[in-house]
Amino acid sequence: AVEGIGWNWMETPSSRSVPVPEISFPLFWGCADRLGFWTPQRRTRIERWLKRHGIHPRPSGRGRCCGQVAFNLGEPGLAERMARAFPEAPLAVASMSCTLHLRRYGIPAEEITLFLLRRGWLPHPARRVRESLRVLFFAGCHARSGDPDAVQELYHFLTRAFQEISWTFPELPVCCGFAGAHSFMRPAQVAPVTLEILELYGSVDRVVGVDPPCLDRIGRWMNVPVDHVLTFLASWEDNG
């Protein structure tokens, strides 16, 4: 089994002998819902999938920002106040960049996929990938520089869980073009940066990652489906 995972991901669900108990934890979705990434459909799909496995995330910090935007705009005092408004308790966060910002101030935050994975709570996909898929795992430059070990852990987990997929993982810390407040202040520079990804990694069928703003930006310019890791996992659930 992969270290830190509660069961062997190469097993079938029926071969697991220990059932997952009822679990509840706080989950911060981040501002990406306002950007249009965390649509009600995506959130509901993840929540229903987790609920079927006895996992019940409790929304936390609804309507709040973690403060990363303020930090990027040169307002560190405001950014710190916004971050410290979150509870000092283990918190799952649906964005890697938000996670890293909260941890800057000592908030015990973890990206939700890693939060579940490291506790042995991440549900096993109920069926295998049958079609041929080329998937780009894209970790934003913030994640690659802020927590490269976590990025490698996620990629290792995905490649073991879905060995049938042809995975591509950027060896260079390529930026999607969002770059914090960059996409708002210099939108004309976004397209060339994103198109560079196409040139480097060619044609793929899907992009999977853990940073919604990056995924949203890539999806708009590459014209391919994008998934957070959890929605990708939920899509392989029977009746999902």
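Residues numbered from 1 in each chain as written. Predicted model: local features only at pLDDT ≥ 70, side-chain atom pairs only at ≥ 80, totals over all residues. Heavy atoms only, no water.

Let us now look at the overall build of the protein. Helix and strand counts for the protein come out as 12 helices and 8 strands. Of all 240 residues assigned to the protein, the portion counted as buried reaches 51%. Considering only residue pairs separated by 6 or more positions, the protein has 70% of its internal contacts joining residues 24 or more positions apart. Of the roughly 11,200 Å² that the protein leaves accessible, carbon and sulfur atoms contribute 51%. (Helix = DSSP H or I, 4+ residues; strand = E, 2+ residues; numbered from the N terminus. Buried < 20%, exposed > 50% of the residue type's maximum accessible area, 1.4 Å probe, protein only. Contact = heavy atoms within 4.5 Å. Areas by Shrake-Rupley, 256 points an atom, 1.4 Å probe, with all protein chains shown as cover.)

Residues with a pLDDT of 70 or more make up 73% of the protein, whose mean pLDDT is 78. When pLDDT is averaged over each helix and strand of the protein, the minimum, 56, is found for helix H9 (residues 182-185) and the maximum, 94, for helix H6 (residues 112-118). (pLDDT = per-residue confidence, 0-100.)

The parallel open sheet is built from 4 strands, whose spatial order is S6-S5-S7-S8. If you trace the sheet from one side to the other, it starts and ends with strand S6 (166-168) and strand S8 (226-228), each paired once. With strand direction ignored, the average angle separating the axes of adjacent strands in the sheet is 30°. Sheet analysis places strand S5 (residues 134-138) next to strand S7 (residues 206-209), joined by 4 bridges and oriented parallel. Its bridge partner lying in S7, Leu 136 is registered against Val 207. Packing of helix H11 (residues 212-222) onto the sheet brings it into contact with S5, S7 and S8, and relative to S7 it is tilted by some 170°. (Pairing = 2+ DSSP bridges. Axes fitted to C-alpha atoms, helices over the stretch in contact; angles between N-to-C directions.)

Our next topic: the sheet that holds strand S3 (residues 91-93). In space, the 4 strands of this open sheet follow the order S2-S1-S3-S4, with parallel pairing throughout. The open sheet is flanked by strand S2 (55-59) and strand S4 (109-111), the only strands paired with a single partner. Across the sheet, the axes of successive neighbouring strands diverge by a mean angle of 40°, strand direction being ignored. Examined bridge by bridge, S3 and S4 share 3 bridges and lie parallel to one another. Counterpart to Ala 92 in the pairing with S4 is Glu 110.

Now for the pattern of salt bridges. Across all of its chains, the model carries 7 salt bridges by this definition. In this structure, Arg 119 engages Glu 110 in a salt bridge whose closest nitrogen and oxygen atoms are separated by 2.7 Å. Of the residues examined, Glu 110 reaches a relative accessible area of 16% and is grouped as buried. Between Arg 118 and Glu 153 there is a salt bridge, with its nearest N and O atoms 2.8 Å apart. In this pair, Arg 118 is assigned in helix H6 and Glu 153 in helix H8 (residues 148-161), connecting sequence segments 35 residues apart. (Salt bridge = Lys/Arg side-chain N within 4 Å of Asp/Glu carboxyl O.)

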